Amino acid sequence: MADGGEALMLRMATGDVVAFEELMKSYRGAAYRFAYRIFRDRHISEDVSQELFFKLFKNADRYEPHGKFTTYFYKVLNNLCLDTLRRMNRKSLPDFQSFENPVLDGMPHEGGLDSPEENAQLNEERRLVREAIGKLPEAQRKVIVLRELEELKYREIAEVLGLSLNEVKVLIHRGRKSLLKILRRSPLFVEGTQT
């Protein structure tokens, strides 16, 4: 994500359509990934992402840059996802498919991969981690995604999700423990390498 979300929001408040396009270009991947982790449906995630940017543009004149833009961005996005969930029948959501996240999908491995076998192994590890994250309870999944994949700070996560800092710490702790427990039962942990 590019920096400068604050400046783009201030430009959008004056009706600057170019700033809107720049903001959308810079942050649409993050919006889609977050929505996809909630809904697990490509079409719903795209719709929510589109709605987010129109909402940001429409309300840009009310934006006051207190803190990081990403905190504001994820807070609006999370609220929009919650509103969408309320409008939907929760049971109609599809089963977990996969996360589409550059942290897990398609990022080059440090030092590069020397062989197709190493590439296949890395892809399998990513798939197993995606599946494990998908098995977490929703509250734990959200905080793990925001902390580990989107790299938000604890205070930012608390603000985004409307939780206390203590609740965020507890959810992250529980989420990490649950994730480790799930991963220990997966082929990622080869006999003799478990800690």
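All of these numbers come straight from a predicted model, not from anything done at the bench.

Draft legend 1. Quick look at the pattern of salt bridges. Counting across every chain of the model gives six salt bridges. Where K142 meets E138, a salt bridge forms, and the shortest distance between an N and an O atom there is 3.9 Å. Note that K142 and E138 are positioned in helix α6 (residues 138–149) at a spacing of four residues, about one turn of the helix. Judged by its relative accessible area of 9%, K142 is buried. A salt bridge links R176 to E148, with the nearest nitrogen and oxygen atoms 2.4 Å apart. With a gap of 28 residues between them, R176 in helix α8 (residues 165–184) and E148 in helix α6 connect regions that are remote in the sequence. Here R176 falls in the partly exposed class, since its relative accessible area comes to 37%. Salt bridges sharing common partners tie together R11, D16 and E22.

Draft legend 2. Spotlight on the packing of aromatic side chains. Scanning all chains against the criterion turns up twelve aromatic pairs. With a centroid separation of 5.0 Å and an interplanar angle of 70°, the aromatic rings of Y27 and F69 are classed as edge-to-face. Of this pair, Y27 sits in helix α2 (residues 17–39) while F69 sits in helix α4 (residues 69–87); the two residues are 42 residues apart in sequence, bridging distant segments of the chain. Neither Y27 nor F69 differs from the other in exposure class; each is buried. Ring geometry for Y63 versus F69: centroids 6.2 Å apart, planes at 75°, classification edge-to-face. For the pair Y63 and F69, one class covers both residues: buried. Chaining the aromatic ring pairs together yields one cluster made of Y27, F34, F53, Y63, F69, Y72, F73 and Y74.

Draft legend 3. Just the confidence of the model for the protein chain, in detail. For the protein chain, per-residue confidence averages 79 on the pLDDT scale, and residues scoring 70 or more make up 81% of the total. Below pLDDT 50 for its whole length, residues 90–111 participates in 50 contacts with residues either more than four positions away or in separate chains.

Reading the values: the criteria
- Residues numbered from 1 in each chain as written.
- Predicted model: local features only at pLDDT ≥ 70, side-chain atom pairs only at ≥ 80, totals over all residues.
- Heavy atoms only, no water.
- Salt bridge = Lys/Arg side-chain N within 4 Å of Asp/Glu carboxyl O.
- Helix = DSSP H or I, 4+ residues; strand = E, 2+ residues; numbered from the N terminus.
- Buried < 20%, exposed > 50% of the residue type's maximum accessible area, 1.4 Å probe, protein only.
- Phe/Tyr/Trp six-rings, centres within 6.5 Å; stacked < 30°, edge-to-face > 60°.
- pLDDT = per-residue confidence, 0-100.
- Contact = heavy atoms within 4.5 Å.

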